[in-house]
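Commentary on secondary and tertiary structure
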Amino acid sequence: MTEQEQIDQSFMAQALAQGQLAFAAGEVPVGAVVVINGEVVGRGYNRPITQIDPSAHAEIVALRDAAKSIGNYRLSGATLYVTVEPCAMCAGCLVHSRIERLVYATTEPKSGVVESAMQFLGSDFLNHKVAICAGVMAEEASELMSSFFKMRRENKKKLKQRGNNADVG
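Residues numbered from 1 in each chain as written. Predicted model: local features only at pLDDT ≥ 70, side-chain atom pairs only at ≥ 80, totals over all residues. Heavy atoms only, no water.

**A few points about unusual backbone geometry**
Of note in the backbone geometry, R98 takes a positive phi value of approximately 65° without being a glycine. The buried category is assigned to R98, whose relative accessible area is 19%. Positive phi values are uncommon outside glycine, yet M137 reaches one of about 60°. Mapped onto the secondary structure, M137 falls in the loop between β5 (131-134) and α4 (138-168). (Buried < 20%, exposed > 50% of the residue type's maximum accessible area, 1.4 Å probe, protein only. Helix = DSSP H or I, 4+ residues; strand = E, 2+ residues; numbered from the N terminus.)

**Points about helix α1 (residues 3-24)**
Taking 1.5 Å of rise per residue, the 22 residues of α1 would be expected to cover 32 Å, and the 32 Å separating its terminal C-alpha atoms lies within 8% of that figure. Of all the positions in α1, only D8, F11, M12, A15, L16, Q18, G19 and A22 are classed as buried. Along the long axis of α1, the arc covered by the buried residues comes to 165°, so they all point the same way. Across from the buried face of α1, at angles greater than 90 degrees, the exposed residues are E3 and A24. Just past α1, the residue G26 takes up positive phi, approximately 80°. (Expected span 1.5 Å × (residues − 1). Arc of directions from axis to C-beta.)

**Details of the environment of E140**
Mapped onto the fold, E140 is located in helix α4. Expressed as a C-alpha distance, the spacing of E140 and M12, which sit 128 residues apart in the sequence, is 10.0 Å.

Shape descriptors only; they carry no functional weight alone.
What follows is the structure, given as structure tokens:
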């Protein structure tokens, strides 16, 4: 394993820890960290439900935290580590904040716009290019997502069964 791969895994582990916080809060377990010069300057996890904010995706929360931390909305030289491939809103924010490098764990087939549903960051009309590294700790991130949605399905099933049992009595 190269030194860069070791660094990427170390920071992705921190993003996964943020995803665990989202899981514990009942949010889709996506986590992110922003790193500049080897230091985490921003952290975030999904919070749209708990914050009643449709823009409170892990990436946006981490980018806001980083911007406040360094005192600038431009995050030149920064790397964003995120557990799941970004959506269109988040990818646009990466461009506007001038993120240098995006590292993500697993793809998001339905709404990921880096490689899955489209390749937004490769668009010719963008005035900033983001370097991309995919697949870092993909298995761990996929397992976290699978566990969350399995739990949600089981909870839904239990609620449905309780509802049917209540009708019987």
